[in-house]
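Structural overview
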Amino acid sequence: MARIPPVAVVNACTRYGEGGSPTTVVIDDAMLIDDERHAIALRAGTSHTAFIDTTTADAPRVRFFTSTGELPNCGHGTIAAQAVLLARSGAKEHHGRQRSGGRTFATTAVRRHDGIEVWFDQGVIALSDHADATGGGIIAALGLQRADIAADLRVASPGMPRLLVPVRDRRTLLSMQPDFDRLATECRLLGYLGCFTYALPPTARTGAARMFAPAIGVDEDIANANSVGCLVAHLLDTSGNSAIEIHQGDTHQSPSSVFASATHTADGIVARIGGLVDLGAP
């Protein structure tokens, strides 16, 4: 490697100024090859690493790597990357655009007393029914029984499909102990990024969730922002609920919060995702 690019580790999607998902952000500017990016992601010790190329016109290109390779998009990685870009600019807020996963989308970053607040447009969420027909092996791999499932399973995709799994209550959610090897096998077989399990009171707009994605090298993700966007799209489609706050990370003593809203458009249901970032290293 010719030289080491600037690297930061930030906490994305904090809750009340604490916790969040440690995320590595690298100012790449097309200096690296993919093998080097993968090596950095392996060494970083965080679930995801965002590589930012600021030389690309008016919309920085951001790529995401885990220990197993590249992902087309990453919600909390996007939130982390945009917070780092705002911090580097010295500005109080920024309304811009980002290129990732073959599309360009709007972003907003604003300095607050408790961190940098970032929002981005997730785009259209594809929703598929009949996931129950293929979910039996996954339910078992999650360590659940059918009686633990609160409603129908559903597949949601902002580009990479994942299974939405509603469980009956928060206690069930927090006590889950998946068989990660089996879950990785089941998800690869069905083409899922992972399983987003959640417990949501019927009249509340705040719920809890856990994201298991061993198929991409992340047994449990402390904050999975894209899946929160998938969930709010599902809720808008089935119940009319268009806004949600989801708490994750409690089983890892690293509380996180992700905010999301959804709207109907001519192209389908689109989501917008937000979170706070603490720029201090964990």
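The preceding data block contains the structure.
Residue numbers run consecutively from 1 along every chain, following the written order of its sequence. Local features in a predicted model are, by the rule used here, given only for residues with pLDDT of at least 70; side-chain atom pairs are given and counted only at 80 or more, and totals for whole chains, interfaces and linings are based on all residues. Remark: hydrogens and water are excluded; side-chain values derive from all non-hydrogen atoms of the structure.

What follows covers unusual backbone geometry. Of all residues except glycine, most have a negative phi; of all peptide bonds, most are trans. The phi angle at Asp 29 is positive, at roughly 50 degrees, despite the residue not being glycine. Secondary structure counts use DSSP, requiring at least four H or I residues in a row for a helix and at least two E residues in a row for a strand, with both numbered from the N terminus. Note on placement: Asp 29 falls in the loop between β2 (21-27) and α1 (34-44). Positioned with a positive phi, Gln 253 is a non-glycine residue whose angle comes to about 55 degrees. Topologically, Gln 253 is positioned in the loop between β15 (243-248) and β16 (256-265). Burial classes follow relative accessibility: with a 1.4 Å probe on protein chains only, a residue under 20% of its type's maximum area counts as buried, one over 50% as exposed, and anything between as partly exposed. Residue classification places Gln 253 among the exposed positions, given a relative accessible area of 68%.

This part takes up the pattern of salt bridges. Counted as salt bridges are all cases of a side-chain nitrogen of Lys or Arg within 4 Å of a carboxyl oxygen of Asp or Glu. A full pass over the atoms with the stated rule returns 13 salt bridges. In this structure, Arg 154 and Asp 129 form a salt bridge, with 2.8 Å as the shortest nitrogen-oxygen distance. You can see Arg 154 sitting in strand β10 (residues 154-157) and its partner Asp 129 sitting in the loop between β9 (126-128) and α3 (136-141), a full 25 residues away along the chain. Overall, the relative accessible area of 8% leaves Arg 154 in the buried class. Ionic contacts of the salt-bridge type, sharing partners, join the residues Asp 28, Asp 34, Arg 37, Arg 63 and Glu 70 into one network.

Further remarks concern empty space enclosed by the protein. With a 1 Å grid spanning the protein atoms alone, the term cavity applies to any set of points in which a 1.4 Å probe fits but cannot get out, the term pocket to an open set with protein on both sides within 12 Å along at least five of seven lines, and the term lining residue to any residue with an atom within 4 Å of a point. Grid points are joined across faces, edges and corners, and a volume is the space filled by probe spheres set on the points. Evaluation of the coordinates by the stated rule reveals 2 cavities of 30 Å³ or more. Put simply, the largest cavity is a space of about 120 Å³. In this structure, the largest cavity is lined by 16 residues; those nearest its centre are His 48, Leu 71, Asn 73, Leu 193 and Asn 224. Counting only elements with at least two residues in the lining of the largest cavity, the list comes to α2 (75-89), β14 (218-221) and α6 (225-239). The residue inventory of the lining of the largest cavity, partitioned by class, reads 8 nonpolar, 6 polar and 2 charged. Considering only enclosed or pocket space, the second largest cavity measures out at about 30 Å³ in volume. Lining the second largest cavity, in full, are Leu 173, Leu 174, Ala 208, Ala 209, Arg 210, His 247, Gln 248, Gly 249, Asp 250 and Thr 251. Listing elements by their share of the lining of the second largest cavity, those giving two or more residues are α4 (170-174), β13 (206-213) and β15. Among the elements that line the lining of the second largest cavity, the one with the most residues is β13, at 3 residues. Polarity classes work like this: nonpolar for Ala, Val, Leu, Ile, Met, Phe, Trp, Tyr, Cys and Pro, charged for Asp, Glu, Lys and Arg, and polar for all others, with Gly in that last group. Across the lining of the second largest cavity, the residue classes break down as 4 nonpolar, 4 polar and 2 charged.

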